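Structural overview for review
If you want the building blocks of each chain, they are given just below.
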Amino acid sequence: MEKVNLDNKTILVTGGAGFIGSNLIKRLIADTKGTTIVNIDNMNSYYDVSLKEYRLKELERVVPAGIKYFFVKGDIADKALIDKLFAEYQFDVVVNLAAQAGVRYSIENPDAYIMSNMMGFYNILEACRRSLDYARDDKGDSVISTNVEKSQPYRGVQHLVYASSSSVYGGNKKVPFSTDDRVDNPVSLYAATKKSNELFAHCYSKLYDIPTTGLRFFTVYGPAGRPDMAYFGFTNKLLKGETIKIFNYGNCRRDFTYVDDIVEGIVRVMQGAPERKKGEDGLPIPPYAIYNIGGGQPENLLDFVNILQEELVRAGVLPSDFDFEAHKELVPMQPGDVPTTYADATALERDFGFTPKITLREGLRKFAEWYKEYNNSLG
Ligand SMILES: NC(=O)c1ccc[n+]([C@@H]2O[C@H](COP(=O)([O-])OP(=O)(O)OC[C@H]3O[C@@H](n4cnc5c(N)ncnc54)[C@H](O)[C@@H]3O)[C@@H](O)[C@H]2O)c1
C-alpha cells in the first residue's frame, strides 16, 4: 500500500452537499492541515434541496484559517466542467460520492442513473487519466493553476476513492457478503451502475496505473441523512400521523452503518492507495482495491423499527403514548429490493485496522436528537 498524506493536498469530493460527502468534508476540514478542498454537487431535487443547503451552511461554518474550501455547483456529467476543474486545481486525491442513489427510484427514472453514475463516473476517470499528462507536462503549458500553489511537482491523482454499494451483492444467498464473492447478478439498475463503476475503475487502474479503491457502503444512516431512506422517511410519516409500510412483512435484514463509521473508513482508505507495481510483462498490475464498509451485524427490520420508535419518543419527536401499532402496515417485497445485506468487513480491519463500532441504538439516538432540533428550527 502507498501512504498518502492528506496534509497540504488538493482534494476533490464530489457530491459534497450529500449526506456522506458533507460529513466527509467536515472531517477533512477538522483533521487536515494546509489542504484545499473542492466540493462539486449539482444540488438536484431527488430529495429536499433545503437539506443539502443546510449541510453546505454547516460546512461553511466550520472552515478554519489554513483550509481553502470551494463549493462548485455543477454536474459531474458535464465533461467540460470536470476537465476545467481538474486542470485548474490539479487534484491529488479524488473521492467520488456524487451519484443518483436509491434502488426504487431507478425504476421510475433510469436516465438519472445513466447520466450521474455512468457518464459522471467516466468523466472523473478520464480526468484522472489526464491528470497524469499534466504531471508529465514539465513546461506546464496546459495547466492553469490559479487556485493552488503546489509545494512539490504535481504527480497527478494519487488515489481515486469512489462509492460503490452493498446492492452489488443483489440476492446473493451466502452471508456475510465478501468482496471475493461473485457479484454479477444485479437486481436493480442502481446496482448495475455501481458494479459497472467497479469494472470501469479496474480498467483505468490497469491501463493507466491509476490507484483506485471502491467502497461498498452498507445502509448508511445518521443526522441530516437522506429523507428517502427508511429511518428518515418513517420518522417524517409518523410525525404526520401517516402509516409506514414495512416491506417483505418485516422479514428483511439490513447491515446498518452509522455515518461517522463510514467517514472514518473513507478517511483511512484515502490515506492508503493500492500500490503501483509492474508485472512480468512490464505492464501495470492494476492498483485496484474494493472493500466493504459495514458493521457486520445485520438487524431485523422489525427490531430496527422498534429501536427507532423508542428513540423518537426519548428525543421528544413523538409523544410517549403514540400508538405505533396503528401506524404500521406489513407489505410484500418491492422490485429491486434485496432481503438481506450483511458485510464481511474483515479486509478493512486487516488493511486499515478499522471496523465500524457504533451500535444501531446509539446511532438512531443521535439521529432522533438531530431530527428534533432540525424540525424545531424549521418552526
Ligand atoms: N447512504 C447509503 O446508505 C449508501 C449506501 C451505499 C452506497 N451509497 C453511495 O454513497 C454515495 C453518497 O451517498 P449519500 O447517501 O450521501 O447520497 P446523497 O444523495 O445524499 O448524496 C449524493 C450527492 O450527489 C449529488 N449528485 C448527484 N448526481 C450528481 C451529479 N451528476 N453531479 C454532481 N452532483 C451530483 C446530489 O445532489 C447529492 O447531494 C453515493 O454514491 C451512493 O450511491 C450510499
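Residues numbered from 1 in each chain as written. Predicted model: local features only at pLDDT ≥ 70, side-chain atom pairs only at ≥ 80, totals over all residues. Heavy atoms only, no water.

**Considerations on the packing of aromatic side chains**
For any pair of aromatic rings, the description consists of the separation of the ring centres together with the inter-plane angle of the planes. Counted only if it meets this: Any pair of Phe, Tyr and Trp rings, taking the six-membered ring for Trp, is counted once the centres come within 6.5 Å. Such a pair is stacked with planes under 30 degrees apart, edge-to-face with planes over 60 apart, and tilted for the rest. By the criteria applied, helices consist of DSSP H or I runs no shorter than four residues and strands consist of E runs no shorter than two, each listed in order from the N terminus. In this scheme, a residue with accessible area under 20% of its type's maximum is buried, one over 50% is exposed, and one in between is partly exposed, where area comes from a 1.4 Å probe on protein chains only.
One pass over the structure, following the stated rule, counts 29 aromatic pairs. An angle of 20 degrees between the planes, with centres 4.6 Å apart, marks the rings of Phe256 and Phe304 as stacked. Here the residue Phe256 occupies a position in the loop between strand 10 (253-254) and strand 11 (257-258), and Phe304 occupies one in helix 9 (residues 301-314), the gap between them amounting to 48 residues. Here the two residues Phe256 and Phe304 agree in accessibility, since each one is buried. The interplanar angle of 35 degrees and the centroid separation of 6.2 Å between the aromatic rings of Phe367 and Trp370 together place this pair among those described as tilted. Taken together, the residues Phe367 and Trp370, both in helix 11 (residues 360-378) and 3 residues apart, mark about one turn of the helix.

**A look at the pattern of salt bridges**
What counts here: By definition here, a salt bridge exists when the distance from a side-chain nitrogen of Lys or Arg to a carboxyl oxygen of Asp or Glu is within 4 Å.
Summed over the entire model, instances satisfying the criterion amount to 20 salt bridges. In this structure, Arg104 and Asp337 form a salt bridge, with 2.7 Å as the shortest nitrogen-oxygen distance. Placement of the pair is Arg104 in the loop between strand 5 (93-96) and helix 4 (105-108) and Asp337 in the loop between strand 17 (328-330) and helix 10 (346-352), with a sequence separation of 233 residues. The class of Asp337 is buried, set by a relative accessible area of 15%. Taking the shortest distance from any N to any O, the salt bridge between Arg314 and Glu369 comes out at 3.1 Å. With Arg314 in helix 9 and Glu369 in helix 11, the pair connects residues that are 55 residues apart, well separated along the chain. A relative accessible area of 38% places Glu369 in the partly exposed class. The network of salt bridges with shared partners includes Arg27, Asp31, Glu264 and Arg268.

**Here's the deal with the site of the ligand**
We apply this condition: Any residue with a heavy atom positioned within 4 Å of a molecule or strand is treated as near that molecule or strand. Charged residues are taken to be Asp, Glu, Lys and Arg, nonpolar residues to be Ala, Val, Leu, Ile, Met, Phe, Trp, Tyr, Cys and Pro, and polar residues to be all remaining types, Gly included.
As a matter of local geometry, the ligand sits amid 29 residues, with Asp41, Tyr47, Asp75, Tyr190 and Val220 nearest to it. Within the residue set of the shell around the ligand, elements represented by two or more residues are helix 1 (19-31), strand 6 (159-165) and helix 6 (189-208). It is strand 6 that provides the largest number of residues to the shell around the ligand, a total of 3 residues. Counted by class, the shell around the ligand contains 15 nonpolar, 9 polar and 5 charged residues.

**Digging into helix 6**
Owing to its 3.6 residues per turn, the α-helix aligns residues three or four sequence positions apart on the same side. Just so we agree on the cut-off: By definition here, a helix of n residues has an expected span of 1.5 Å times n minus one. Contact definition: two residues touch when any of their heavy atoms are within 4.5 Å.
A rise of 1.5 Å per residue sets the reference length of helix 6, with its 20 residues, at 28 Å; its end C-alpha atoms lie 28 Å apart and thus fit the reference within 8%. Considered for burial, the residues of helix 6 that qualify are Tyr190, Ala191, Thr193, Lys194, Ser196, Asn197, Glu198, Ala201, Tyr204 and Ser205. Looking at the buried residues of helix 6, the elements they touch are helix 4, helix 5 (110-136), strand 6, strand 7 (212-217), strand 14 (284-285) and strand 15 (288-293).

**Quick word on a nonpolar patch on the surface**
We count it as follows: Surface patches are drawn from residues lacking salt bridges whose relative accessible area is over 30%; two like charges belong together within 9 Å, two nonpolar side chains (Val, Leu, Ile, Met, Phe, Trp, Tyr) within 5 Å. Throughout, the Shrake-Rupley method with a 1.4 Å probe supplies accessible areas, and for residues the shown protein chains are the sole cover considered.
Taken together, the side chains of Met115, Met119, Tyr122, Leu199 and Phe200 present a nonpolar region at the surface, about 430 Å² in accessible area. Of all the secondary structure elements, the ones that give two or more residues to the nonpolar patch are helix 5 and helix 6. When residues in the nonpolar patch are grouped by element, the largest group, 3 residues, is from helix 5. Take Leu199: it is sitting in helix 6.

**Regarding unusual backbone geometry**
At the junction of Val175 and Pro176, the peptide bond is cis and its omega measures out at -5 degrees in the coordinates. Take Pro176: it is sitting in the loop between strand 6 and helix 6. You will see that Ala224, though not glycine, has its phi angle at about 55 degrees, which is positive. If you trace the backbone, Ala224 turns up in the loop between strand 8 (220-221) and helix 7 (230-239). The backbone of Tyr249 shows a phi angle near 55 degrees, a positive value even though the residue is not glycine. Take Tyr249: it is sitting in the loop between strand 9 (244-246) and strand 10. Among the residues examined, Tyr249 registers a relative accessible area of 43% and is labelled partly exposed.

**Section: the sheet that holds strand 3 (residues 36-41)**
In plain terms, the rule: Strand pairing follows a simple DSSP-based rule, namely that at least 2 bridges must link the two strands. Interaxial angles span 0 to 180 degrees and are taken between N-to-C directions of axes, which are lines fitted to C-alpha atoms, for helices over the stretch in contact.
Strand order across the open sheet formed by 7 strands is 4-3-2-5-6-7-15, with parallel pairing between neighbours. Where the open sheet ends on each side, the last strands, each with one partner, are strand 4 (68-73) and strand 15. For this sheet, the mean inter-axis angle between neighbouring strands, taken without regard to orientation, is 15 degrees. Judged from the 6 bridges that link them, strand 7 and strand 15 form a sheet pairing that is parallel. Across the sheet, residue Arg216 finds its bridge partner in strand 15, namely Asn292. Against the sheet, helix 2 (residues 49-61) engages strand 3 and strand 4, with an angle of about 160 degrees to strand 4. Along the sheet face, helix 5 touches strand 2 (10-14), strand 5 and strand 6 and points at about 165 degrees away from the line of strand 6.

Take it as geometry only, folks, not as evidence of what the structure does.
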